[in-house]
Amino acid sequence: MSKKSTVMTEGAIWKEILFFSIPLILGNLFQQLYNTVDSIIVGNWIGSEALAAVGSSGAIINLLVGFCIGASAGAGVVVSQFFGAENREGVRKAVHTTLAIAVAAGAILTVAGVVTTPMILRAMDTPQEVFEQSSQYLQVYFGGIFFSVIYNMSAGILNAVGNSRRS
């Protein structure tokens, strides 16, 4: 283990958990703040139809964010097991595999999402009045999902080795 990694199994566990969780809590708070500010800006400066378009995409976006967070937590479990066992080769392979999966999943989600957005919105019975704006908003979101997947997987790797501050 490197000198910069945190060993959470030694010392006062409540302190280690507290200091590890504060950056995670702040990250979640900023994500929610982003969504709130997004709604405020769209509602006040673009209009109520645009706000409805953003709102109609909310379930899909929450699903995507949940997928990214869940996948990164799962990958983090594998990395942390190797890290805890001080198996450097296992950590290296797990990190490389995780990042390769992130790149592939990000690319697939981006292309599939942009292409299938109209079908998804029709399946969700999106009102016709906001369909076009919802489609544009969701396609832009899918256009950037690649970077969200990469970020979340990288953050999961860092969290797995006890570094919640850097992500």
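Read on for an overview of the structure. (Residues numbered from 1 in each chain as written. Predicted model: local features only at pLDDT ≥ 70, side-chain atom pairs only at ≥ 80, totals over all residues. Heavy atoms only, no water.)

1. Describing the overall build of the protein chain
- Counting its secondary structure elements, the protein chain contains five helices and zero strands.
- Element order for the protein chain, N to C, with α for helix and β for strand: α-α-α-α-α.
- With the principal axes as the frame, the protein chain shows a C-alpha extent of 60 × 30 × 20 Å.
- Scored against the burial criterion, the 167 residues of the protein chain give a buried share of 31%.
- Expressed as a percentage of contacts within the protein chain between residues at least 6 apart in sequence, the contacts between residues at least 24 apart total 69%.
- Roughly 10,300 Å² of accessible area belongs to the protein chain as shown, and the carbon and sulfur atoms make up 66% of that amount.
- When the 9 positive and 9 negative side-chain charges of the protein chain are each reduced to one mean point, those points stand 20 Å apart. (Helix = DSSP H or I, 4+ residues; strand = E, 2+ residues; numbered from the N terminus. Buried < 20%, exposed > 50% of the residue type's maximum accessible area, 1.4 Å probe, protein only. Contact = heavy atoms within 4.5 Å. Areas by Shrake-Rupley, 256 points an atom, 1.4 Å probe, with all protein chains shown as cover. Lys, Arg positive; Asp, Glu negative; His and termini not counted. Charge placed at Lys NZ, Arg CZ, Asp CG, Glu CD.)

2. Digging into the nonpolar core
- Counting 13 residues, the largest nonpolar core has Ile 60, Leu 64, Leu 138, Phe 142, Ile 145, Val 149 and Met 153 as the members making the most contacts within it.
- Elements with a contribution of two residues or more to this core: α3 (58-84), α4 (88-123) and α5 (128-160).
- When residues in this core are grouped by element, the largest group, six residues, is from α5.
- Leu 138 has contacts with Ser 57, Ile 60, Ile 61, Thr 117 and Leu 121, leaving out every residue within four places of it along the chain.
- Counting eight residues, the second largest nonpolar core, distinct from the first, contains Val 91, Ala 94, Val 95 and Ala 160. (Core = buried A, V, L, I, M, F, W, Y, C linked by side-chain atoms within 4.5 Å.)

3. Points about the environment of Ala 100
- By secondary structure assignment, the location of Ala 100 is in helix α4.
- Measuring from C-alpha to C-alpha, the distance between Ala 100 and Gly 156 comes to 14 Å, with 56 residues separating the pair along the chain.

4. Some details on the packing of aromatic side chains
- As enumerated under the stated definition, the model contains one aromatic pair in all.
- With a centroid separation of 5.4 Å and an interplanar angle of 90 degrees, the aromatic rings of Phe 146 and Phe 147 are classed as edge-to-face.
- The class of Phe 147 is exposed, set by a relative accessible area of 58%. (Phe/Tyr/Trp six-rings, centres within 6.5 Å; stacked < 30°, edge-to-face > 60°.)

5. With respect to unusual backbone geometry
- Unlike most non-glycine residues, Glu 86 shows phi in positive territory, near 55 degrees.
- Inspection of the secondary structure puts Glu 86 in the loop between α3 and α4.
- On the basis of relative accessible area, Glu 86 is assigned to the exposed category, the value being 56%.

6. A look at α3
- Look at α3: 38 Å from first C-alpha to last across 27 residues, which is about the 39 Å you get at 1.5 Å a residue.
- Taken together, the buried positions of α3 are occupied by Ile 60, Ile 61, Leu 64, Cys 68, Ser 72, Ala 75, Gly 76, Val 79 and Phe 83.
- Against the buried residues of α3 lie α4 and α5.
- Just beyond α3, the residue with positive phi is Glu 86, at close to 55 degrees. (Expected span 1.5 Å × (residues − 1).)

7. A word on the packing of helix α1 (residues 13-46) against helix α2 (residues 48-56)
- Orientation of α1 relative to α2, taken along the N-to-C sense of each, is 150 degrees, at an axis distance of 7 Å. Of the possible angle classes, the one that applies to α1 and α2 is roughly antiparallel. Touching Asp 38, Ser 39, Val 42, Gly 43 and Ile 46 of α1 are Ala 50, Leu 51 and Val 54, all from α2.
- Its residues placed into classes, the contact of α1 with α2 shows five nonpolar, two polar and one charged. (Axes fitted to C-alpha atoms, helices over the stretch in contact; angles between N-to-C directions. Parallel < 35°, antiparallel > 145°, perpendicular 65-115°, else oblique. Nonpolar A, V, L, I, M, F, W, Y, C, P; charged D, E, K, R; others polar.)

8. As for α2
- Along α2, the residues that are buried comprise Ala 50, Ala 53, Val 54 and Ser 56. Down the axis of α2, the buried set is contained in an arc of 165 degrees. They therefore lie on one face. In this structure, α2 carries Ser 48 and Gly 55 as exposed residues pointing more than 90 degrees from its buried face.
- Close packing links the buried residues of α2 with α1, α3 and α5. (Arc of directions from axis to C-beta.)

9. Structural notes on the pattern of salt bridges
- Counted according to the given criterion, the structure contains one salt bridge.
- The partner of Arg 92 in a salt bridge is Glu 89, with the nearest N and O atoms 2.7 Å apart. Residue Arg 92 and its partner Glu 89 are both found in helix α4; the two are separated by three residues, about one turn of the helix. (Salt bridge = Lys/Arg side-chain N within 4 Å of Asp/Glu carboxyl O.)

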